[in-house]
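What the coordinates show
The residues making up each chain are set out below.
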Amino acid sequence: MSTYPTYKPSGIEWLGDIPEHWEVKRLKLIGENIGGLTYSPDDVLEDESGTLVLRSSNIQNGKFSEEDNVFVDLEISNKQTTYVDDILLCVRNGSVALVGKNILIDEETSGLSFGAFMLVFRSKSNSYIYWFFNSPIFSAQKGLFSTTTINQLTSGILYAMYSALPPIEEQTAIANYLDEKTTKLDQLISNKKAQIDKLKEIRQIEINTAVTKGLDPNVTLKPSGIEWLGDIPEHWEVKRLKNVSTNVQTGTTPKTAILRYYEDEDIKWFTPVDFTKNIRLTNSKSKISQIAIDEGAGRLFPSGSVLLLGIGATIGKVGLITEDSSSNQQINCITFNAKMDSLFAAFALKIYETEIIKIANFSTMPIFNQSNSANINIGIPPIAEQTAIANYLDEKTSKLDQLVSNLESQIEQLEEVRKIEIYNAVTGKIKVA
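For the structure given in this document, a descriptive report is provided here. Starting afresh in each chain, residues are numbered from 1 along the sequence in its written order. Where local features are concerned, this predicted model is filtered to residues with pLDDT of at least 70; where side-chain atom pairs are given and counted, the filter is 80 or more; whole-chain, interface and lining totals use all residues. Note: side-chain values were computed over all heavy atoms of the structure, leaving out hydrogens and water.

This part is about the overall build of the protein chain. Under the scheme used here, helices are H or I runs from DSSP no shorter than 4 residues and strands are E runs no shorter than 2 residues, and both carry numbers assigned from the N terminus. Helix and strand counts for the protein chain come out as 9 helices and 31 strands. In terms of C-alpha radius of gyration, the protein chain reaches 28 Å, well past the compact-globule figure of 22 Å for 433 residues. Structurally, the protein chain occupies a C-alpha span of about 75 × 55 × 55 Å along its principal axes. Counting over 433 residues, the protein chain shows a buried share of 47%. Every residue pair with non-hydrogen atoms within 4.5 Å of one another is taken to be in contact. Taking as baseline every contact in the protein chain between residues at least 6 positions apart, the subset at least 24 positions apart corresponds to 71%. Accessible area for the protein chain stands at about 21700 Å²; split by element, carbon and sulfur atoms hold 50% of it. Lys and Arg are tallied as positive, Asp and Glu as negative. Neither His nor the chain termini are counted. Where a charge lies is defined by one atom per residue type: Lys uses NZ, Arg uses CZ, Asp uses CG and Glu uses CD. Taken together, the 42 basic and 54 acidic charged side chains of the protein chain have centroids lying 3 Å from each other. Here the radius of gyration uses the C-alpha set of atoms, whereas the globule reference equals 2.2 Å times the residue count to the power 0.38. Remark: exposure states derive from per-residue accessible area (1.4 Å probe, protein chains only) relative to the maximum for the residue type, with buried under 20%, exposed over 50%, and partly exposed in between. For accessible areas, the Shrake-Rupley method is used with a probe of radius 1.4 Å. Any residue's cover is judged against the shown protein chains and nothing else.

Below, the discussion takes up the packing of aromatic side chains. Pairing of aromatic rings covers Phe, Tyr and the six-membered ring of Trp, with a centre-to-centre limit of 6.5 Å; geometry is then stacked below 30 degrees between planes, edge-to-face above 60, and tilted otherwise. Under the defined criterion, the tally for this structure stands at 8 aromatic pairs. A centroid spacing of 6.3 Å and a plane angle of 85° characterise the contact between tyrosine 4 and tyrosine 7, whose relative ring orientation is edge-to-face. Residue tyrosine 7 is classed as partly exposed on the basis of its relative accessible area of 28%. Note on tyrosine 4 and tryptophan 22: the rings are 5.8 Å apart at their centroids and 75° apart in plane angle, and the pair reads as edge-to-face. Here tyrosine 4 is found in the segment before β1 (7–9), whereas its partner tryptophan 22 is found in the loop between β2 (17–19) and β3 (23–26), with 18 residues between them in sequence. Across this residue pair, the class does not change: tyrosine 4 and tryptophan 22 are buried. One aromatic cluster is present, built from ring pairs that chain together Phe121, Phe132, Phe133 and Phe138.

Turning next to the sheet that holds strand β12 (residues 102–104). Paired strands are those between which DSSP finds at least two bridges. Taking strand neighbours across the sheet as the criterion, the 4 strands line up as β4-β14-β10-β12 in an open arrangement whose pairing is antiparallel. The open sheet terminates on both sides in strands that have one partner only, identified here as β4 (31–35) and β12. Sheet twist, expressed as the mean angle between neighbouring strand axes with direction ignored, is 20°. Direction of pairing for strand β10 (residues 87–90) relative to strand β14 (residues 118–123): antiparallel, over a ladder of 4 bridges. Of the residues in β14, the one forming a bridge with leucine 89 is leucine 119. Every axis corresponds to a line fitted to the C-alpha atoms, with the helix fit spanning only the stretch in contact, and the corresponding angles, defined between N-to-C directions, vary from 0 to 180 degrees.

For the rest of this paragraph, the subject is helix α6 (residues 342–350). Owing to its 3.6 residues per turn, the α-helix aligns residues three or four sequence positions apart on the same side. Here α6 lies mainly inside the structure; 9 of its 9 residues are buried. Three or more residues of α6 are buried, namely Ser342, Leu343, Phe344, Ala345, Ala346, Phe347, Ala348, Leu349 and Lys350.

What follows concerns the environment of asparagine 369. One can find asparagine 369 in the loop between β30 (366–367) and α8 (370–374). Accessibility expressed as a relative area gives 28% for asparagine 369, which makes it partly exposed. Residues asparagine 369 and isoleucine 18, spaced 351 residues apart in sequence, show a C-alpha to C-alpha distance of 62 Å. Pairing of N or O atoms within 3.5 Å defines a polar contact, subject to two protein rules: one partner must be a possible hydrogen donor and the other a possible acceptor, and residues neighboring in sequence count only if both atoms are side-chain atoms. Within the local environment of asparagine 369, its side chain forms a polar contact with the backbone nitrogen of asparagine 372, the two atoms lying 2.8 Å apart.

At a minimum axis distance of 8 Å, the contact between helix α1 (residues 126–133) and helix α4 (residues 168–213) shows a crossing angle of 55°. Here α1 is positioned oblique relative to α4, judged by the angle of their axes. Crossing hand, α1 versus α4: left-handed. Taken together, the residues of α4 that come into contact with α1 (itself represented by Ser127, Tyr128 and Trp131) are Gln171, Ile174, Ala175, Leu178, Asp179 and Thr182. Three classes are used, and their members are as follows: Ala, Val, Leu, Ile, Met, Phe, Trp, Tyr, Cys and Pro are nonpolar, Asp, Glu, Lys and Arg are charged, and the others, Gly among them, are polar. Here the contact of α1 with α4 is built from residues that sort into 5 nonpolar, 3 polar and 1 charged. Geometric relationships in this document are graded by angle, where less than 35 degrees denotes roughly parallel, more than 145 denotes roughly antiparallel, 65 to 115 denotes roughly perpendicular, and other angles denote oblique. Handedness of a helix crossing follows the sense of rotation of the near helix relative to the far helix, less than a right angle counterclockwise being left-handed and clockwise being right-handed.

Turning our eyes to something else, we now look at the nonpolar core. Here, nonpolar core means buried Ala, Val, Leu, Ile, Met, Phe, Trp, Tyr and Cys residues that are tied together by side-chain atoms lying within 4.5 Å of each other. Val211 and Leu349 are the most contacted members of the largest nonpolar core, which totals 37 residues. When residues of this core are traced back to their parent elements, those giving at least two are α4, β25 (306–309), β26 (318–321), β28 (331–336), α6, β31 (377–380) and α9 (383–426). A per-element tally of this core places α6 first, with 7 residues. Contacts of valine 211, omitting those with residues within four sequence positions, involve Trp236, Phe344, Phe347, Ala348, Ile351, Gly379, Ile389 and Leu393. Core analysis: the next-biggest nonpolar cluster, separate from the first, contains 35 residues, Ile87, Leu89, Phe121 and Ile137 among them.

If you trace the 4 strands from one edge of the open sheet to the other, you get β5-β9-β6-β13, paired in mixed fashion. If you trace the sheet from one side to the other, it starts and ends with β5 (44–45) and β13 (113–114), each paired once. In this structure, strand β6 (residues 51–54) lies alongside strand β9 (residues 71–72), joined through 2 bridges in antiparallel fashion. Its bridge partner being in β9, leucine 52 is matched across the sheet by phenylalanine 71.

With that settled, the discussion passes to the pairing of β6. Relative to β13, β6 runs parallel, the two sharing 2 bridges. Directly across from valine 53, in β13, lies its bridge partner serine 113.

α1 sits mainly inside the fold: 7 of its 8 residues count as buried. Every buried residue belonging to α1 is among Asn126, Tyr128, Ile129, Tyr130, Trp131, Phe132 and Phe133, and all of these are buried.

Written out as structure tokens, the structure is:
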């Protein structure tokens with residue numbers, strides 16, 4: 001890919017030098033901002049007989065999504081109707097990361113309207129400006145519309161933004177180049193995400209099969225008596241966790257002053273954010289001191305215990321602690337007796353994750369307390385077989401997790417290449433035609 005023969009300072013620090021014949025313009029001089037439609041709940045239809053109003057939820061991963069559609073019974077002005085090559089942006093959202101997400105309106109999404117938290121940018125240069133809105137140049141200015149109270153991109157802020165602007169024929173060439181380049185990169189990323197989904201599915205199947213059927217494919221099975229558990233090997237037992245554990249209890253949340261949020265404290269204090277895909281819990285963002293434990297401000301769980309999330313959106317997630325640790329009150333801790341291999345128990349509880357939400361007690365949020373945990377039924381083989389299954393799954397899932405991690409790294413690299421391609425093209429660092 002070649003570069004332009006001569007460059008000049010853009011006058012904008014974060015834009016740098018641009019091709020000699022390019023201009024730098026505020027968006028106010030390039031196009032027009034059009035605010036979205038305001039409507040009341042009484043205007044919303046239960047069927048799809050009215051006009052679809054595009055909202056933030058209709059933009060997913062840079063594409064139009066028909067999830068969570070809203071149709072209204074209103075007469076829509078021509079100005080608040082979408083046209084091909086309009087750029088639809090989310091301009092107000094509780095998450096700053098979602099402010100600025102956008103799509104280029106095509107035939108499928110033209111003739112619709114858009115809500116009050118959205119905005120349309122309309123210009124003759126939109127096929128090129130669309131890529132400006134998806135470049136690091138636009139992202140770098142996000143600080144302009146992030147506040148402590150609300151994240152919003154006002155029409156005034158948008159108008160004040162600068163874009164490098166080539167002649168119209170180069171705009172078209174750049175847009176065509178980026179369409180082709182990003183389509184190929186997006187396909188590669190999509191393929192790798194599909195591979196990740198498949199590996200995760202294989203991982204779950206491996207766990208489900210091993211902890212319900214064992215490692216011998218020819219073993220004789222019997223009904224477990226538990227609907228979701230199905231048939232289990234004939235020589236296995238079904239027992240409640242309270243019958244194979246020494247203690248089932250919840251963590252505690254002491255006053256913030258007792259917790260320490262740096263590394264030199266003694267004891268890991270786990271919360272829901274510390275749970276990962278790894279079966280072992282290795283890192284906690286917070287710590288609690290031994291003094292606080294001794295004074296009763298926290299509970300100490302012995303190494304080898306299994307922690308199970310009992311409250312909140314991630315209810316049911318499981319992790320094995322490998323050293324004496326503590327946790328907050330959202331977590332149940334099961335400490336097993338000598339008849340149970342703790343790693344096997346952790347894997348066995350992994351298949352219970354989807355069942356927990358079904359039997360949790362609901363008030364304002366799902367709750368699965370220590371009594372619920374104590375009464376979980378699992379299939380239990382002899383201890384030597386538990387250990388063999390745990391070791392098999394530990395090795396198998398580690399290999400699958402590494403493959404997933406490798407693919408995730410490749411996706412990150414491809415996404416970075418995508419950003420660089422867009423940045424170089426819309427700033428004139430490369431000459432595409």
